[in-house]
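A look at the structure
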Amino acid sequence: MALLTNKAYGYPTRGARRRRKPTILACLHQTANAKATAIQERTYANRPDSHGPSATAYIDRDGTIVRAIDPAKYAAWSQGDVAHPNTKLPTIAAAVASGVNMNEWVHESIECSGAGTEPYTDAQFEAVAQLVAKASKALGIPVNRSTVVVHADINSVSRRSDPWPPATREARVKRVIARANAILRPPITTVTVKAGDTLSGIASAHRLTLKALLAFPENAKYRATRGSSTQATSSA
Ligand SMILES: [Zn+2]
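**A short note on the overall build of the protein**
On a plain count of helices and strands, the protein comes out with 8 helices and 7 strands. Once the C-alpha set of the protein is aligned to its principal axes, its extents read approximately 70 × 40 × 40 Å. Counting only residues that meet the buried cut, the protein has 47% of its 236 residues in that class. Of all intrachain contacts in the protein linking residues separated by at least 6 positions in sequence, the fraction that spans at least 24 positions is 72%.

Encoded structure:
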């Protein structure tokens, strides 16, 4: 499926085309229309009188990711984010202070299919986390609550259920953040070292170079000695 482009949408200057590195990895949304599929939402957002897609990716209930625009080249369109930014969030305050179109500060704008008050499906949570992890790797920005936001965070106009009602929102955002961080960093394995083991031997047994093994923060204490050890950590 060919990627779409966003049209110039004006405020406060040009908009649409990415002009600077974003500070927010992802803004999460959920469609208001419970019945529409990801492709239908993508098509609707790109209707002739629209400025272009409001999301960089639309995700179906089964987790299928439908790309709309390339987030490296274009920012997703949302008038409300610029007209009514929520400057209580430090990253958004910084974006507004820069005088640049707010949309350009959000890398992925991700919209999941389903009614506004429903949680994402497990498959949608997974797809969102994969996109967030990928964005973090590409941009070198850590995954946390300042870099993963929901539409209700960015926009000061009441968006009580976009994507989730406040009562359940934080737990769900944290689920995305935790999963994305787990994708970025594999689970830790603790190794009990026997007499005669060497750090390089442990490294190769876990398909790591010695340098990679010692790069784990937990293994900092072995960096100086490199010889005797009782315990080391490696990725599983
Ligand atoms: Zn939204």
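**A word on the sheet that holds strand β1 (residues 24-30)**
As summarised here, the arrangement of the 5 strands in space is β3-β2-β4-β1-β5, forming an open sheet in which the pairing is mixed. Strands at the two margins of the open sheet, each flanked by one partner only, are β3 (65-67) and β5 (148-150). If you compare each strand with its neighbour and ignore which way they point, the axes differ by 25° on average. Summarising the sheet, β1 and β5 pair through 3 bridges and their orientation is parallel. By the bridge assignment for β5, A26 is matched with V148. Along the sheet face, helix α1 (residues 38-45) touches β2 (57-59), β3 and β4 (106-112) and points at about 145° away from the line of β2.

**Observations concerning unusual backbone geometry**
In this structure, the amide linkage connecting D162 to the following residue, P163, adopts the cis form with an omega of 0°. With respect to the helices and strands, the residue P163 is situated in the loop between α5 (151-154) and α6 (166-184). One non-glycine residue, R207, adopts positive backbone phi at about 55°. Residue position: R207 is located in the loop between α7 (199-205) and α8 (210-215). We classify R207 as exposed; its relative accessible area is 81%.

**Here's the deal with the domain arrangement of the protein**
For the protein, the assigned domains are domain 1 (24-184) and domain 2 (188-235). For domain 1 and domain 2, the distance between their C-alpha centroids amounts to 39 Å.

**As for the coordination of the zinc ion**
At the metal site, the zinc ion is ligated by H29 (ND1), H151 (ND1) and D162 (OD), and these contacts range over 2.0 to 2.1 Å. We note that the donor set of the zinc ion lies within a single chain, spaced as H-x121-H-x10-D. In this pair, H151 sits in helix α5 while D162 sits in the loop between α5 and α6, placing the two residues 11 residues apart along the sequence. Considered together, H151 and D162 belong to a single accessibility category, that of buried residues.

**As for the packing of aromatic side chains**
Inspection of every chain in the model, using the stated rule, returns 3 aromatic pairs. Between F125 and W164 the ring centres are 5.9 Å apart and the planes differ by 15°, which places this aromatic pair in the stacked class. Here F125, found in helix α4 (residues 122-139), pairs with W164, found in the loop between α5 and α6; they are 39 residues apart in sequence, far enough to count as distant. There is no split in this pair, since F125 and W164 are both buried. Each member of the aromatic cluster is reached from another via a ring pair, and the members are Y120, F125 and W164. In this structure, R47 is placed above the aromatic ring of Y44, and the distance from its NZ or CZ to the ring centre is 4.2 Å. The positively charged end of R175 is found above the aromatic ring belonging to F125, 3.9 Å away from the centroid.

**So, the pattern of salt bridges**
In the structure shown here, the tally under the stated rule is 9 salt bridges. Notably, a salt bridge pairs R175 with D122, separated by 3.0 Å at the nearest N-O pair. With R175 in helix α6 and D122 in helix α4, this pair connects stretches of sequence that are 53 residues apart. Residue class for D122 comes out exposed when judged on its relative accessible area of 55%. In this structure, the salt-bridge partner of R145 is E170, at a minimum N-O distance of 2.8 Å. Residue R145 is located in the loop between α4 and β5, and its partner E170 is located in helix α6; the two are separated by 25 residues in the primary sequence. For R145, a relative accessible area of 23% gives the class partly exposed. By relative accessible area, E170 is classed as partly exposed at 33%. Among the charged side chains, a network of salt bridges with common partners joins R145, D153 and E170.

Cut-offs and rules
- Residues numbered from 1 in each chain as written.
- Predicted model: local features only at pLDDT ≥ 70, side-chain atom pairs only at ≥ 80, totals over all residues.
- Heavy atoms only, no water.
- Helix = DSSP H or I, 4+ residues; strand = E, 2+ residues; numbered from the N terminus.
- Buried < 20%, exposed > 50% of the residue type's maximum accessible area, 1.4 Å probe, protein only.
- Contact = heavy atoms within 4.5 Å.
- Pairing = 2+ DSSP bridges.
- Axes fitted to C-alpha atoms, helices over the stretch in contact; angles between N-to-C directions.
- Domains from an automatic or database assignment.
- Donors = N, O, S within 2.8 Å, 3.2 Å for Na, K, Ca; no water.
- Phe/Tyr/Trp six-rings, centres within 6.5 Å; stacked < 30°, edge-to-face > 60°.
- Lys NZ or Arg CZ within 6 Å of the ring centre and 35° of its normal.
- Salt bridge = Lys/Arg side-chain N within 4 Å of Asp/Glu carboxyl O.

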